[in-house]
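Residue-level listing of the chains:
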Amino acid sequence: MAKAPDPSRRALLATGTAVGGALAVGGGTAAPARAAAPAGEARPPRGTQAAPHVSPDIWRTVLDDADPVWQRMPASWYEGPFLGNGLLGSGIYAEPGGNAVRFNVQHSEVQDHRPEFGSLFGLARLPIGYFTLEPVGTITGLDWRLRLRDAELTGTLITTAGSLTLRAFVHSSADLLTVEVTPSEGERGFRWVFHPAVAISPRAAFKPIPQGYTANPPATIEKHGEVTASVQPLLAGGRHVTAWQEVARHRSRTLYATVAHSHPGATARDRALRTVRTARAVPFDVHALPHRAWWHRYYRKSFLSLPDARLQRFYWIQLYKVAAAARKDAPVMATSGPWLEPTPWPNTWWNLNVQLEYWLIHGSNHLELDAVTRALSEFRDQLGAEVAAPWRGDSYGIPRTTDTRLVNGGATPGDLGYGVGIPGQDPPTPEVGNLTWALHNVWLSYRHTMDETILRDVLFPLLRKAVNYYLHFLSPGSDGKLHLPATFSPEYGVNAPDCNYDLMLLRWGCRTLLESAELLGRRDPLAGRWREVLAKLTPYPVDGDGFMIGAGVPFAKSHRHYSHLLAVYPLYEITGRTADERALIEKSLAHWVGFEGALQGYTFTGAASISALLGKGDDALAYLGQLMTRFIQPNTMYKESGPVIETPLSAAQSLHDMVCQSWGGTIRVFPSLPAVWRDLVVHDFRTQGAFLLSAVREKGVTRWVRLTSEAGAPCVVRHGIVGAVEVRDDRGRPMTYERTGEGEIRLPLRKGRSALITSAGDAPDLTIRPVTPGEPAPRWGLPA
């Protein structure tokens, strides 16, 4: 151990940084609607302010309430606290079979580089290792709290020799795990021990190892002055390095640890040593200042409070989790985020997982976490390389599984990886729609920001080539319609011609390309072909039970995935506009969830969001209730043959879908609330069109709705206020609007301006505050 002087707080603040995501917003403006406000309504005095009052304390209130606690020792990944910054992650739980606490050390950039063994072995994420905190006495108890607001684990470990008080965090803007331990007198001899992991694909614990594949060589432990490094060489060149040092100050000892990865070069060791040597001079509290400031700013971008204490706490933990697992400049989240464990899913999965992992960033106003748009754009050349050679000149695709750079490797069909298939051929499995679905996430990022650079530079050119791949295989049938040969609907297990998964994505893709070309002012030579597809594409196959998997392939067995329902959700191409369409959705939903056996957690998040589309808030809540009871683990993680994180994150989006929907050019406020949610508050919720929504519901009545436009896009809002309304601008002056339907108005909102909607004559309190829960609920974690 080394002793280090305490630098001044001023010195750290002069050099420390906290990375915040600045959201660039652009796009055109729409001509405002012109209609007189209804006559005879009460008006506030000129100059009355129409902005809500928001106290910074509201975030402290809900976050402190949501903190998970541990008064029993967590035994696994599914029970313990977790820390992270999108790159470095640490899951914390008891050392199996030992008298110690494990602090896992994993990093989302650390992977193998042997593409000949495919994405699931040769390009898999690699385990790094873990520290054990080993006390003098036998552990007899603990009292821990994961403080969400500060992204910091605090608490005490009780032993037969005394106690260990700890504080730990992974820095928001540096790859640094910092753990401060203050021992009682009897525990002054505690120690830290690092255990390097075998650098082999985690899938090896579940599936046969391919011929010729071996683990990487063992790590070596090196001393570099007072810093220790575990250097893990890779057979393909490069290395990853874990470096650490413990520093004593007063009665406490602080562990500083980091991970660096380099390939094909060997720079990782120098970078890791430099990080620790820089960090060790700075005490815990000073390091924590910019870290905490980042997290405080992060949470204040939006606010949601609902009367279900258990779900509200769950929601705020998901906001913590997604920022601990994602950053725009980090790799797209793998199935277990940065908290790698033994898993059959040791890489990034593109046929559902990625899409669900990132949905909640839009409504919660956290586009700074959008790695999907960045990665698809940055590695677009790889999207061409992943399709078979005859189509690489004008087509893009993404495999089911990839590494951090979207590479699948030289995999053959089977357990090595799942490449982009070829319609009508098997092998490989003809799964071809994953890129188009991933680009729907990019489209959501465009729609929620109206940033034209996303549309022009990423979505349009990538979607054009993704749709082009389909166009090579469409052919006319005897019915005059365009048909697709057999493709694969994730993850039903049976190929089908005119597969609904692909028909739905193709129709959405052609429609989006035409709309995008118009917005961008482009005369694209393929526009005629896109229109032909929309006019002649065969209808979606349906039977007496609803949507089929494809032509001739009914939905006839339990199936966790809603790949055959994408036109309903999340594409919102079929929304129940007519009685027959609504009946089709209801029938398909009931038939899908009616088969027990293969249903998994995300089955119920999808069912909840489809129910929310139909305005069935009680059903949506019931589905989320089943999810919580059957699948969500004590720390809100999720298990499906191994650690995966997409399902809890998508449950947060299901809550969003109950609170606000903005598909089809209309903002729907509180569209699907269960009857028991009589009070609800939302603030700065981001909608399509780049609007920020604030709204309050009290005693079952929506009191007020406020919208702020960031882009000047057309604004149609279904406000949910019964009876006549009045609208005021951001200076409290009466504002013109146009009625477009029952409870729906069009507002002429220019960029940067706001509108407040209330019942006529009402002057509600515009304070944003947490609602009172209907009944108490246990905290997440392992409370006593």
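Residues numbered from 1 in each chain as written. Predicted model: local features only at pLDDT ≥ 70, side-chain atom pairs only at ≥ 80, totals over all residues. Heavy atoms only, no water.

1. Brief notes about the overall build of the protein
A count of helices and strands for the protein gives 18 helices and 39 strands. By the compact-globule yardstick of 28 Å for 784 residues, the protein fits well, its C-alpha radius of gyration being 27 Å. Referenced to the eigenvectors of the C-alpha coordinate spread, the extents of the protein come out at roughly 75 × 70 × 45 Å. Within the protein, the fraction of its 784 residues that count as buried is 62%. In the protein, of all internal contacts separated by at least 6 residues, the share reaching a separation of at least 24 is 69%. For the protein, the distance from the average site of its 81 positive side-chain charges to the average site of its 74 negative ones is 5 Å. (Helix = DSSP H or I, 4+ residues; strand = E, 2+ residues; numbered from the N terminus. Rg over C-alpha atoms; globule rule 2.2 N^0.38 Å. Buried < 20%, exposed > 50% of the residue type's maximum accessible area, 1.4 Å probe, protein only. Contact = heavy atoms within 4.5 Å. Lys, Arg positive; Asp, Glu negative; His and termini not counted. Charge placed at Lys NZ, Arg CZ, Asp CG, Glu CD.)

2. Quick notes on the sheet that holds strand 31 (residues 691–698)
The strand order 17-30-31-32-37-34 describes an open sheet built from 6 strands, whose pairing is antiparallel. The sheet is open, and its two borders are formed by strand 17 (303–305) and strand 34 (725–729), each paired with just one other strand. In this sheet, adjacent strand axes meet at a mean angle of 20° when their direction is disregarded. Sheet topology note: the strand 34/strand 37 (residues 754–759) ladder contains 5 bridges and is antiparallel. Of the residues in strand 37, the one forming a bridge with R728 is L756. (Pairing = 2+ DSSP bridges. Axes fitted to C-alpha atoms, helices over the stretch in contact; angles between N-to-C directions.)

3. Some remarks on the nonpolar core
If you look at the biggest cluster of nonpolar residues, it comprises 220 residues, and the most contacted ones within it are W316, Y320, L376 and L747. Broken down by element, the residue count for this core peaks at 12 residues, all from helix 12 (residues 452–471). Of all hydrophobic cores here, the second largest spans 10 residues; its members include V241, A272, L273 and V276. (Core = buried A, V, L, I, M, F, W, Y, C linked by side-chain atoms within 4.5 Å.)

4. What to know about the sheet that holds strand 33 (residues 715–718)
Read across the sheet, 5 strands follow the order 28-29-33-36-35 without closing on themselves; strand pairing throughout is mixed. A strand with exactly one partner marks an edge of an open sheet, and here the two such strands are strand 28 (660–661) and strand 35 (738–741). Relative to strand 36 (residues 744–747), strand 33 runs antiparallel, the two sharing 4 bridges. In the sheet register, C715 faces strand 36, and the bridge partner there is L747.

5. Quick word on helix 12
Compared with the 28 Å implied by 1.5 Å per residue over 20 residues, the 26 Å span of helix 12 between its first and last C-alpha is a close match. The sharpest bend along helix 12 comes to roughly 35°, located at L459, with the proline P461 sitting one to four residues further on. (Expected span 1.5 Å × (residues − 1). Bend = angle between axes of the 7 residues up to and from the residue.)

6. Examining the packing of helix 12 against helix 14 (residues 527–536)
The N-to-C vectors of helix 12 and helix 14 enclose an angle of 60°; their axes lie 12 Å apart at closest approach. On the basis of the axis angle, helix 12 is oblique to helix 14. For the crossing formed where helix 12 meets helix 14, the hand is left-handed. Each of F460, R464, V467 and L471 in helix 12 lies in contact with helix 14, whose residues at this interface are R529, W530 and V533. (Parallel < 35°, antiparallel > 145°, perpendicular 65-115°, else oblique. Left-handed = near helix turned anticlockwise from the far one by under 90°.)

7. Details of the pattern of salt bridges
Counting across every chain of the model gives 35 salt bridges. A salt bridge links R188 to E185, with the nearest nitrogen and oxygen atoms 3.5 Å apart. Note that R718 is salt-bridged to E744, the shortest N-O span being 2.8 Å. Residue R718 is found in strand 33, and its partner E744 is found in strand 36; the two are separated by 26 residues along the sequence. (Salt bridge = Lys/Arg side-chain N within 4 Å of Asp/Glu carboxyl O.)

8. A closer look at the packing of aromatic side chains
All told, the structure shown has 40 aromatic pairs when counted by the stated rule. With a centroid separation of 5.8 Å and 80° between ring planes, the pair formed by W59 and F303 is classed as edge-to-face. Taken together, the positions of W59 in helix 2 (residues 57–66) and F303 in strand 17 put the pair 244 residues apart, joining distant regions of the chain. Using a relative accessible area of 6% as the deciding quantity, one classes W59 as buried. The exposure class assigned to F303 is buried, which follows from its relative accessible area of 2%. An aromatic cluster of three or more residues is present, and its members are W59, F82, W294, W295, Y298, Y299, F303, Y315, W316, Y320 and W339. When the ring centre of F190 is taken as origin, the NZ or CZ atom of R253, which lies over that ring, is 3.7 Å away. The ring centre of W780 lies 3.4 Å from the NZ or CZ of R310, which sits over that ring. (Phe/Tyr/Trp six-rings, centres within 6.5 Å; stacked < 30°, edge-to-face > 60°. Lys NZ or Arg CZ within 6 Å of the ring centre and 35° of its normal.)

9. A closer look at unusual backbone geometry
Geometrically, the link from D426 to P427 is a cis peptide bond, its omega value of 10° lying close to zero. Following P490, the chain continues into E491 via a peptide bond in cis, with omega recorded as -15°. Unusually for a residue other than glycine, A690 sits at a positive phi of about 65°. Here A690 lies in the loop between strand 30 (680–687) and strand 31. You can call A690 buried: its relative accessible area is 0%.

10. Focus: the environment of V62
For V62, the location among the structural elements is in helix 2. The exposure class of V62 is buried, given its relative accessible area of 2%. Linking V62 and F685, residues 623 residues apart in sequence, is a C-alpha distance of 16 Å. Among residues more than four places away in sequence, those in contact with V62 are F303, Q312, W316 and P770.

11. A word on helix 17 (residues 617–630)
Side chains of residues three or four places apart in an α-helix project in the same direction, reflecting 3.6 residues per turn. The terminal C-alpha atoms of helix 17 lie 20 Å apart, and with 14 residues this matches the ideal 20 Å at 1.5 Å per residue to within 8%. In the core, the buried residues of helix 17 are packed alongside helix 6 (309–325), helix 15 (579–593), helix 16 (601–613) and helix 18 (646–659).

12. Here's the deal with the state of the cysteines
Tallying each qualifying case throughout the model produces 0 disulfides. In this model C499 remains outside any disulfide bridge; the closest cysteine sulfur is found in C510, 16 Å from its own. In this model C715 remains outside any disulfide bridge; the closest cysteine sulfur is found in C660, 11 Å from its own. (Disulfide = S-S within 2.5 Å.)

13. Re the pairing of strand 33
In this sheet, strand 33 lies alongside strand 29 (residues 667–669) in parallel orientation, the contact comprising 2 bridges. When the sheet's bridge partners are listed, R668 is paired in strand 33 with R718.

14. Remarks on the side chain of S252
Following the sequence through the fold, S252 ends up in strand 16 (residues 252–262). Overall, the relative accessible area of 13% leaves S252 in the buried class. Looking at S252, its side chain comes within polar contact range of the side chain of T182, at 2.5 Å. (Polar contact = N/O pair within 3.5 Å; in protein donor to acceptor, adjacent residues only side chain to side chain.)

15. Here we look at the side chain of N408
Turning to its location among the elements, N408 is positioned in the loop between strand 19 (401–402) and helix 11 (434–449). There is a polar contact of 3.4 Å between the side chain of N408 and the side chain of T401. Leaving out residues up to four positions away in the same chain, N408 has contacts with G118, S119, L123, E386, P399, T401, G417, Y418 and G419.

16. Structural notes on the pairing of strand 14 (residues 227–233)
Taking burial as the measure, the 7 residues of strand 14 include 6 buried ones, the bulk of the element. Looking at chain direction, strand 13 (residues 220–224) and strand 14 are connected through 5 bridges and run antiparallel. Across the sheet, I221 pairs through a bridge with S230, a residue of strand 14. Counted along the chain from strand 13 to the antiparallel partner strand 14, the turn is 2 residues long, and its residue G225 has a positive phi close to 65°. Looking at chain direction, strand 14 and strand 15 (residues 239–249) are connected through 6 bridges and run antiparallel. Residue S230 lies in a different strand from strand 15, and its bridge partner there is T242. Here strand 14 hands over to strand 15 after 5 residues, with G237 in that stretch at a positive phi of 100°.

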